[in-house]
Amino acid sequence: MSTPLTVGLVGYGKIAHDQHVPAIAANADVQLVAVASRNSRAEGVRNYSDIDAMLAAEPALDAVILCQPPQARYAAARAAILAGKHVFMEKPPGATVSEVEALVSLARAANVTLFASWHSRYASCVARARRWIAERDLTRIDIVWKEDVRHWHPGQAWIWEPGGFGVFDPGINALSILTGIVVDPIRLLSAELETPANRQAPIAARLAMATAHGIPITAEFDWRQTGPQSWDIVVEAGAELLCLGHGGNSLTIDGVTQAPEAESEYPALYAHFVSLVQAGESDVDLSPIRLVADAFLSGHNHTTELFED
Ligand code: NAP
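Criteria and thresholds
- Residues numbered from 1 in each chain as written.
- Predicted model: local features only at pLDDT ≥ 70, side-chain atom pairs only at ≥ 80, totals over all residues.
- Heavy atoms only, no water.
- Helix = DSSP H or I, 4+ residues; strand = E, 2+ residues; numbered from the N terminus.
- Rg over C-alpha atoms; globule rule 2.2 N^0.38 Å.
- Buried < 20%, exposed > 50% of the residue type's maximum accessible area, 1.4 Å probe, protein only.
- Contact = heavy atoms within 4.5 Å.
- Areas by Shrake-Rupley, 256 points an atom, 1.4 Å probe, with all protein chains shown as cover.
- Lys, Arg positive; Asp, Glu negative; His and termini not counted.
- Charge placed at Lys NZ, Arg CZ, Asp CG, Glu CD.
- Near = heavy atom within 4 Å.
- Polar contact = N/O pair within 3.5 Å; in protein donor to acceptor, adjacent residues only side chain to side chain.
- Nonpolar A, V, L, I, M, F, W, Y, C, P; charged D, E, K, R; others polar.
- Domains from an automatic or database assignment.
- Buried area = accessible area lost by both parts, 1.4 Å probe.
- Salt bridge = Lys/Arg side-chain N within 4 Å of Asp/Glu carboxyl O.
- Pairing = 2+ DSSP bridges.
- Axes fitted to C-alpha atoms, helices over the stretch in contact; angles between N-to-C directions.
- 1 Å grid on protein atoms, 1.4 Å probe; cavity = no way out; pocket = protein on both sides within 12 Å on 5 of 7 lines; lining within 4 Å.
- Points joined across faces, edges and corners; volume = space filled by probe spheres on them.

The next thing to look at is the overall build of the chain. For the chain, the helix and strand inventory stands at 9 helices and 15 strands. For the chain, the C-alpha radius of gyration of 19 Å lies close to 19 Å, the compact-globule estimate for 309 residues. Dimensions of the chain along its principal axes, counting C-alpha atoms only, are 60 × 45 × 35 Å. Within the chain, buried positions represent 51% of all 309 residues. Long-range contacts, defined here as pairs at least 24 residues apart, represent 71% of the contacts in the chain between residues at least 6 apart. Approximately 13600 Å² of the chain is accessible, and the part contributed by carbon and sulfur atoms is 51%. Side chains of the chain give 22 positive and 36 negative charges; the mean places of these two sets differ by 2 Å.

As structure tokens, then:
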């Protein structure tokens, strides 16, 4: 690996601008040299209209960061892998489980790092929650992830289309924390999805799950929440209670607030990506997207009122 790792970013939208570019700028081991985006340009780097043009013009790139919507992920990741680049994928790692498995196989054959990032797993209180859980016999887990789609995803047409995940776009963050803090495999028992009559993806979902040892888990995802927003996971172990709030960034244990301990999410993701490249390893955990796929496979779908942005 050259030092720093030279990277090209694809899909210069909200998350690229708000999180990736500042996290790269703050990491001396990574240098952003190019951006590929159809309608946007980034300052201070070479810009291309698409990944193929970027790969053709930048043979020295070490890695590619994919920040487009999931529907565009596979083709871009495949092109980057076949060009011999390490690949960092935003969540969710693809529009389907099978295409991500295909990428794992391609990356292995090309001997490059493939990183399916789950940023919420790096929220500041998640590691502490994982340690608390590891020392206890759990009795139940309840997830409530309710936010206002008009505030957080204004005008994002892709999110309502097939492969866009709808309310599972934020909901998969909760599932990534869940599958990151609970070691036992988790299976989906049932799902109820609510999909607006004029959309292809759900605006709300309720899941019932269980660990392999039978611990019940519920999840409520809803995009119609105005007022206070909820990104909470409550874990019960007998009479003891852990509440992970703010998407994993606040923690109370038995009512006592705990201090956050980790660095913020995107700097931690980049530190992990660099360490994976240095070690010649990949990190692709499909468990969050598998639960979402199971909800689409087996869930009851209820058509609900029209949604307009
Ligand atoms: P976004 O603002 O809509 O940006 C995505 C960019 O990707 C667009 O600006 C677009 O740029 C490019 N793109 C390439 N192919 C596209 C296609 N088929 N449809 C639409 N855009 C396409 O989305 P985002 O919020 O940054 O989310 C991107 C990914 O990051 C998603 O997987 C999301 O789950 C994840 N993420 C988002 C957030 C968040 O808070 N927004 C947080 C964490 C993770 P050009 O038109 O210039 O090509």
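Following the structure, the description resumes.
What follows deals with the site of the ligand. Around the ligand lies a shell of 23 residues, among which Ile15, Ser37, Asn39, Lys91 and Asp169 are the nearest. Contact between the ligand and Lys14: an oxygen atom at 2.9 Å from a main-chain N or O atom of the residue. One of the side-chain N or O atoms of Trp158 is found 3.0 Å from an oxygen atom in the ligand. In the complex, 80% of the free accessible area of the ligand, which totals 860 Å², lies under the protein chains. Split by residue class, the shell around the ligand holds 9 nonpolar, 8 polar and 6 charged.

The subject of this paragraph is the domain arrangement of the chain. Once the domains are mapped, the chain shows domain 1 (5-116) and domain 2 (120-262 + 293-304). Each partner contributes to the interface: domain 1 provides 9 residues, whereas domain 2 provides 11 residues. For the pairing of domain 1 and domain 2, the buried interface totals around 760 Å² over both sides, and the portion due to carbon and sulfur atoms is 64%. Here domain 1 is connected to domain 2 by 1 salt bridge. For the salt bridge of Asp169 with Lys91, the shortest nitrogen-to-oxygen distance reads 3.3 Å. The interface formed by domain 1 and domain 2 holds 3 residue pairs in polar contact (both at pLDDT 80 or more) in total.

Taken in spatial order, the 9 strands make up an open sheet running β14-β13-β12-β11-β7-β10-β9-β8-β15, and their pairing is mixed. Unpaired on one side and paired on the other, β14 (256-258) and β15 (300-304) mark the two borders of the sheet. For this sheet, the mean inter-axis angle between neighbouring strands, taken without regard to orientation, is 15°. Summarising the sheet, strand β13 (residues 250-253) and β14 pair through 3 bridges and their orientation is antiparallel. Within β14, the position partnered with Leu251 by the bridge is Gln258.

Moving on to the layout of surface pockets. Quantified by volume, the largest pocket comes out at close to 1400 Å³. In terms of lining, the largest pocket is formed by 47 residues, of which the most central are Lys14, Ile15, His153, Gln156 and Trp158. Going through the elements one at a time, α1 (14-25), α3 (73-82), α7 (168-181) and α8 (265-279) are the ones with two or more residues in the lining of the largest pocket. In terms of residues, the lining of the largest pocket owes the most to one element, α1, which gives 5 residues. Residue composition of the lining of the largest pocket, grouped by class: 20 nonpolar, 17 polar and 10 charged. Looking at the lining of the largest pocket, you find at least three residues from each of domain 1 (5-116) and domain 2 (120-262 + 293-304). Of the voids in this model, the second largest pocket is the one considered here, and its volume is about 220 Å³. Forming the boundary of the second largest pocket are 14 residues, of which Ala95, Gly163, Phe165, Val292 and Phe296 lie nearest the centre. When residues in the lining of the second largest pocket are grouped by element, the largest group, 4 residues, is from helix α9 (residues 287-298). Tallied by class, residues from the lining of the second largest pocket come to 9 nonpolar, 4 polar and 1 charged.

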